[in-house]
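# Architecture and fold: a report
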Amino acid sequence: MSRSNEARLGLQSKDNLCNSCQNIDFNSIFGTTQTPQRRRNGILISSLDQISSAEKRARCYLCQFFWDTRVLRSPRRYSEGKGYCLHAFSAKGEFGLGLVKSLSDTIILAVIPEEDSKERIFGPLDWKMRDTTPYIFPSTTAQSPHTQLLGRLLSTDIDYDIIRGWIDFCNKYHYKLCTSTQKPSVPGFRVIDCNDRKIVPLPDGCEYVALSYVWGASPPENQIVKDLLLNRVSPAIADAMTVVSRIGFQFLWVDRYCISSDEEDKHTQIQNMDLIYMNATVTIIAVGGDDSQIGLPGVSRDLRQPQPQVTVGQHILVSSLPNPRSVIEKSKWNTRGWTYQEGILPRRRLVFTSQQVYFQCNAMHCVESISVPLELLHTSKKDRFLEQVKFHRAFPMKQGLGKSPMDFWLRVKEFSLRSLSYDSDRLNAILGILRVFEKGKTPVQHLWGIPIFPPQVFIEDGSAVTATKRLCYGLTWTSSMPRKRSYGFPSWSWVGWTPCDSQADDWNGQPWLANPEMLKHPGLDTSTPSQVQISDNFTYDVRVGIEFLNGAVVDWETLDRTEQSFGRLRGVSNRLHICAWTFRLLFQGKGHHWHPAESHPFRYKYSTFEFTQFDKSLSDSPLSQAHQDEERLVIVLGFDNKSNSVLMKIMVTEHIQEEDVYERVGMLYYHFWKPLKISGQDEAFLADVRLERKTIRLR
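Residues numbered from 1 in each chain as written. Predicted model: local features only at pLDDT ≥ 70, side-chain atom pairs only at ≥ 80, totals over all residues. Heavy atoms only, no water.

## Observations regarding the overall build of the protein chain
If you tally the helices and strands in the protein chain, you get 21 helices and 33 strands. Within the span of the protein chain, comprising 699 residues, buried residues form 55% of the whole. Across the protein chain, every contact between residues at least 6 apart in sequence was considered, and the portion connecting residues at least 24 apart equals 72%. (Helix = DSSP H or I, 4+ residues; strand = E, 2+ residues; numbered from the N terminus. Buried < 20%, exposed > 50% of the residue type's maximum accessible area, 1.4 Å probe, protein only. Contact = heavy atoms within 4.5 Å.)

## Side note on the packing of aromatic side chains
For the coordinates displayed, the defined rule picks out 19 aromatic pairs. With a centroid separation of 6.2 Å and 50° between ring planes, the pair formed by Y340 and F415 is classed as tilted. Pair noted here: Y340 is in helix α14 (residues 338-344) and F415 is in helix α15 (residues 408-416), with a separation of 75 residues, a long-range link. In this pair, the class of Y340 matches that of F415, namely buried. Pairwise contacts between aromatic rings join F89, F95, Y135, F137 and F391 into one cluster. Looking at R256, its charged tip hangs above the ring of W215, at a distance of 4.0 Å from the centre. For R349, the ring lying beneath its charged end belongs to F395, and the centroid distance is 4.8 Å. (Phe/Tyr/Trp six-rings, centres within 6.5 Å; stacked < 30°, edge-to-face > 60°. Lys NZ or Arg CZ within 6 Å of the ring centre and 35° of its normal.)

## Focus: helix α17 (residues 467-475)
With nine of its nine residues buried, α17 lies for the most part within the structure. What α17 keeps buried is the set A467, T468, K469, R470, L471, C472, Y473, G474 and L475.

## Brief notes about the pairing of strand β12 (residues 282-286)
Within β12, five of the five residues are buried, leaving the element largely enclosed by the surrounding structure. Of the two faces of β12, the one carrying V282, I284 and A286 and the one carrying T283 and I285 are both buried. Sheet topology note: the strand β8 (residues 209-212)/β12 ladder contains four bridges and is parallel. Residue pairing for β12: S212 is matched across the bridge by I285. Pairing of β12 with strand β15 (residues 348-352), which is carried by four bridges, proceeds in the parallel orientation. Residue pairing across strands places T283 opposite R349, the latter belonging to β15. (Pairing = 2+ DSSP bridges.)

## Observations concerning the nonpolar core
I163, W166, W253, L350, F352 and I578 are the most contacted members of the largest nonpolar core, which has 145 residues in total. By size, the runner-up hydrophobic cluster in this structure holds 25 residues, among which are C21, F30, I51 and F65. (Core = buried A, V, L, I, M, F, W, Y, C linked by side-chain atoms within 4.5 Å.)

## Some thoughts on the environment of R301
Residue placement: R301 occurs in the loop between β12 and β13 (309-312). Looking at R301, the relative accessible area reads 56%, which means it is exposed. Taking the C-alpha atoms as reference points, R301 and D157, separated by 144 residues in sequence, lie 9.9 Å from one another. Once residues lying within four places of it in the same chain are set aside, the contact partners of R301 are P235 and Q293. A distance of 3.3 Å separates polar atoms of two side chains, one belonging to R301 and the other to D302. (Polar contact = N/O pair within 3.5 Å; in protein donor to acceptor, adjacent residues only side chain to side chain.)

## Some details on unusual backbone geometry
Although it is not a glycine, R197 adopts a positive phi angle of roughly 60°. Mapped onto the elements, R197 comes out in the loop between β6 (190-193) and β7 (198-201). In this structure, W448 takes a positive phi of about 50° despite not being glycine. Within the secondary structure, W448 sits in the loop between β19 (445-447) and β20 (450-452).

## Quick word on the side chain of S212
Mapped onto the secondary structure, S212 falls in strand β8. S212 gets classed as buried once you look at its relative accessible area, which sits at 0%. In terms of polar contacts, S212 uses its side chain to reach the side chain of W333, at 2.8 Å. Excluding its chain neighbours within four sequence positions, the residues that come into contact with S212 are T283, I284, I285, A286, W333, T339 and E342.

## Overview of the side chain of D105
Positionally, D105 belongs in the loop between α6 (91-94) and β3 (107-113). Summary of buried charges: D105 has no salt-bridge partner, and the nearest side chain of opposite charge, K92, is 5.9 Å away. Reaching out from D105, the side chain makes a polar contact with the side chain of S90 at a distance of 2.7 Å. (Lys, Arg positive; Asp, Glu negative; His and termini not counted. Salt bridge = Lys/Arg side-chain N within 4 Å of Asp/Glu carboxyl O.)

## With respect to helix α16 (residues 431-438)
Of all the eight residues making up α16, eight are buried; the element is thus mostly covered by neighbouring parts of the structure. Looking only at α16, the buried set comprises L431, G432, I433, L434, R435, V436, F437 and E438. Contacts made by the buried residues of α16 are with α11 (263-271), α12 (273-279), α14, α15 and β19.

## Some thoughts on the environment of A394
Checked against the element boundaries, A394 lands in the loop between β18 (370-371) and α15. When sequence neighbours within four positions are dropped, the list of residues in contact with A394 reads R325, I328, Y358 and Q360.

## Digging into the environment of T379
Among the secondary structure elements, T379 is positioned in the loop between β18 and α15. Judged by its relative accessible area of 17%, T379 falls in the buried class. Once residues lying within four places of it in the same chain are set aside, the contact partners of T379 are R384, F385 and L386. A distance of 2.6 Å separates a polar atom in the side chain of T379 from a polar atom in the side chain of D383.

## Concerning the pattern of salt bridges
Where charged atoms from two side chains of opposite charge approach closely, those side chains can pair. In the structure shown here, the tally under the stated rule is twelve salt bridges. Its salt-bridge partner being R304, residue E368 comes within 2.6 Å of it at the nearest N-O pair. Taken as a pair, E368 in the loop between β17 (365-367) and β18 and R304 in the loop between β12 and β13 lie far apart in primary sequence, 64 residues in all. For the pair E368 and R304, one class covers both residues: buried.

## Notes on the state of the cysteines
Tallied over the entire structure, the rule returns zero disulfides. Here C63 stays free of any disulfide, with the sulfur of C18 as its closest cysteine sulfur at 3.5 Å. As a non-bridged cysteine, C361 has C178 as the owner of its nearest cysteine sulfur, 3.7 Å distant. Note on C361: relative accessible area 0%, which makes it buried. (Disulfide = S-S within 2.5 Å.)

## Concerning the confidence of the model for the protein chain
The pLDDT averaged across the protein chain works out to 78; a share of 71% of its residues lies at or above 70. Segment residues 1-11: pLDDT under 50, and 22 contacts once partners within four positions in sequence are set aside and those in other chains are kept. Confidence drops under pLDDT 50 across residues 598-626; counting only partners more than four residues distant or on other chains, this segment forms 80 contacts. (pLDDT = per-residue confidence, 0-100.)

This is the structure we're talking about:
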């Protein structure tokens, strides 16, 4: 039994406290009617230098509790040898609830590094920037309703009453945002009947729960005999079946057992992952382990990590535990490609971590370690949380897709950082999210993952936005991360490139898809071709054809008029036929020097060429090593009119001679400063460019 649990049972006495802890007046701290709302670092209560000593912690149960609940130092900045301080805070202030007038405030505590304890007026507080920060909450054993945030005493086993309370509240008040009466219209849709362990078609009118977990390296299970599950299934799935029954449901959908091995049925279900997860009443998410051999902590054999708890006099103090968002982000589950849409699409998520359970629906979010008065945090209609209630929220609201069609790229960026066991799954693993974008109020279709934005999201200059321009806009994506070719997918789509292993963990949060300037000015210039004129013989005019597996090439404008879902077109190959203006550029040396072929190499200083095939640096790039001083064919895909310049968008290609096709290797942008016809570099560029109208077969 841990020292903290002994304290809970009243086995401690004042003799078990050191002098420093005896001098902390908890009655005064929690009895005050004033809370330290205006101080960013709260109020200093006591220095806790002694808790760094293991010998002193062994003699004082409160020192041990403070040590267990301390804010960890950043290893990059501080050594572990410095002391700690106990500070008091306003719970409403810390969690951004100051404007919720009906909510009473609570004094909460935090054990923070000594070097962080000084008040700072400006700049971020380093310890608050770390989502692992646990607070110390006063708790109560009373079950009566309360009007403030309080800590909740947790055991190593799951309290299913808490989970059922969250779901019941959501069912009662969140009808518009969280309730679905639809049954997935997916041929061959089956579920596990948790009562008799059979795999059956979902009965009409019945709800079901879905499971999201990490398969891991464990061998595939074959415990099915005539649609009957044998007793031995992986712990994660067995525990999920237990949870389903304990929270009042009967049917569970698990991909491993419920997707048929028939290739046609399998393809159909993968195409409809959006329906499966969005129509599940709840989705259980297992983040407590690295594979399915780890069960859901607190359900059966796998116990949860104990919550630090202590009783001091009449006060019960508990840890709020690390922010679930941080725990989820650091989990193995959060690194896998298939689980990305499984976290984004559900209406309700029930996340099992190694310490507690987290619940989030489309209208509210709850952590097991903090008891909150749900009614007071909702709007007057109780249909959703108030806008300012954001603390500990782990997933984006409204099924996580975003508020704008342009959020398509944000979802792709997040997904692209996930890993997959098989590169061939790169498109299938995000099809559910792409399908939801197709069915949105402002539909965004896709072709091999390339977004086809609707006309209304583009800046219009009095003329219609053609289907070809909308496709070309999607083709001008760029990457600021090192990437390597993923064969089997088209080079002109982001799915054709994967992050290099050496850089996969070095993501700095900057957008890598769709140049930020393009987001500010969405789309290619939409005026008539004659108005986008760089020279007398150079106007914007691009034609695109789609090649099918039977060799037929269909004009993109014709396909657009069919009003089909491009992502579901059968028989489409990964080849485009692009008819556009082209010219040749010479890549010279190891730097970013490009200039028109046969021109003077020192006349130009172009903007940075954005390689897709970078490794650690440009000098180490396979492209720069293998193709120095070599000409490249580039395709002019379009222009972007800005206030003082015109941005030419150029796709750089590589010729694959054995198949007589081209592959995209990156994008290059060139600025023509307004007015366009000026002396200097622009005129020199136009004089040296040997424009040629060509049809390029691009794969």
